[in-house]
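# A look at the structure
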Amino acid sequence: MRGRNLGVLISGRGSNMLALHDAIADRRLRARMAVVVSNKASAPGLALAAARGIPTAVVESRKGQSRDEHDARVGAVLEEAGIDLVCLAGYMRIVGASFVRRFQGRILNIHPSLLPSFPGLDAQKAALEHGVRVTGCTVHLVDEEVDHGPIVLQSAVEVGADDDVESLSSRILEREHDLYWRAVALVLDGRVRVEGRRARIVPTTA
Ligand code: GRF
């Protein structure tokens with residue numbers, strides 16, 4: 001990857017965005033958070049980002065505007081900020097094919113299940129209801145299908161007999177916070193080679 005500027009897209013509380021920023025602040029992750037973009041002006045994560053001095057932008061949906069038109073506005077903000085890698089972090093919009101092409105191979109997403117199990121919304125609830133013993137979280141490259149692209153890293157979380165959605169979600173979230181920055185580092189370091197569906201992680205060239 002050419003540079004190490006991150007653009008983070010959020011819609012809500014932004015804890016994954018903050019965890020990435022923590023990793024940058026304490027030098028686990030060598031990168032710069034160039035901009036945080038939210039599709040909701042009321043997203044709590046937006047104020048938290050601004051409080052840390054991270055540049056922020058709001059791109060709200062407009063009535064009658066297509067997905068591609070919305071994505072083009074977001075893309076313009078990201079390019080203006082000079083980003084190299086887009087990190088979806090609780091971004092509650094589907095990104096369209098033209099956005100995926102614009103940032104081809106440079107979009108990551110984090111999802112609270114072991115994909116391909118339980119894509120989509122409420123993945124923790126779905127895992128619990130299905131009765132799985134193990135679930136977790138996944139960081140993957142984004143392609144044109146939802147929660148589908150090549151998997152960079154996953155982390156497994158055991159489901160306890162007494163777990164409810166809240167307890168399971170909070171254990172998965174803790175794991176997400178320790179997973180996302182590692183995946184971002186691998187991509188920024190050029191260590192992720194995509195071969196078909198598989199993302200191969202190549203050793204560091206010393
Ligand atoms: C996380 O569980 C993430 O995996 C999913 O949305 C949630 C976002 O949480 N895509 P936060 O806004 O990062 O706290």
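Provided above is the structure to which this section pertains.
Only a predicted model underlies this, so the values are computations on that prediction, with no experimental measurement involved.

Counting across every chain of the model gives nine salt bridges. Residues R200 and E195 are paired through a salt bridge, measuring 2.8 Å at the closest nitrogen-oxygen approach.

On to the pairing of strand β4 (residues 85–88). Covered by surrounding structure in β4 are L85 and C87 together with V86 and L88, the residues of both alternating faces. Tracing the backbone out of β4, into helix α4 (residues 97–102) and back to the parallel element strand β5 (residues 107–111) gives a crossover that is right-handed.

Here the largest pocket is characterised by a volume of approximately 900 Å³. Together, 37 residues line the largest pocket, and G90, Y91, M92, I110 and P112 are the ones closest to its centre. Breaking the lining of the largest pocket down by element, the ones donating at least two residues are α1 (15–25), β5, α5 (123–130) and α6 (165–188). Counting residues per element, the lining of the largest pocket draws most heavily on α6, which supplies five residues. Within the lining of the largest pocket, the residues separate by chemical class into 14 nonpolar, 14 polar and nine charged.

Rules and cut-offs
One numbering rule holds for all chains: residues counted from 1, following each sequence as written. Reporting of local features is limited, given that this is a predicted model, to residues whose pLDDT is at least 70; pairs of side-chain atoms are given and counted only at 80 or more, and all residues count toward the totals for whole chains, interfaces and linings. Excluding hydrogens and water, the side-chain values take into account all heavy atoms of the structure. Salt bridges are counted wherever a side-chain nitrogen of Lys or Arg sits within 4 Å of a carboxyl oxygen of Asp or Glu. Whether a residue is buried, partly exposed or exposed follows from its accessible area with a 1.4 Å probe, protein chains only, as a fraction of its type maximum: under 20%, in between, or over 50%, in that order. Only DSSP runs of H or I covering at least 4 residues are called helices, and only runs of E covering at least 2 are called strands; the numbering of each starts at the N terminus. Call a crossover right-handed when, viewed with both strands pointing away from you, the route from the first strand across the helix to the second goes clockwise. Every definition here rests on a 1 Å grid over the protein atoms only: cavities are sets of points where a 1.4 Å probe fits but cannot get out, pockets are open sets enclosed by protein on both sides within 12 Å along at least five of seven lines, and lining residues have some atom within 4 Å of a point. Grid points are joined across faces, edges and corners, and a volume is the space filled by probe spheres set on the points. Classification used: nonpolar for Ala, Val, Leu, Ile, Met, Phe, Trp, Tyr, Cys and Pro, charged for Asp, Glu, Lys and Arg, polar for all others including Gly.

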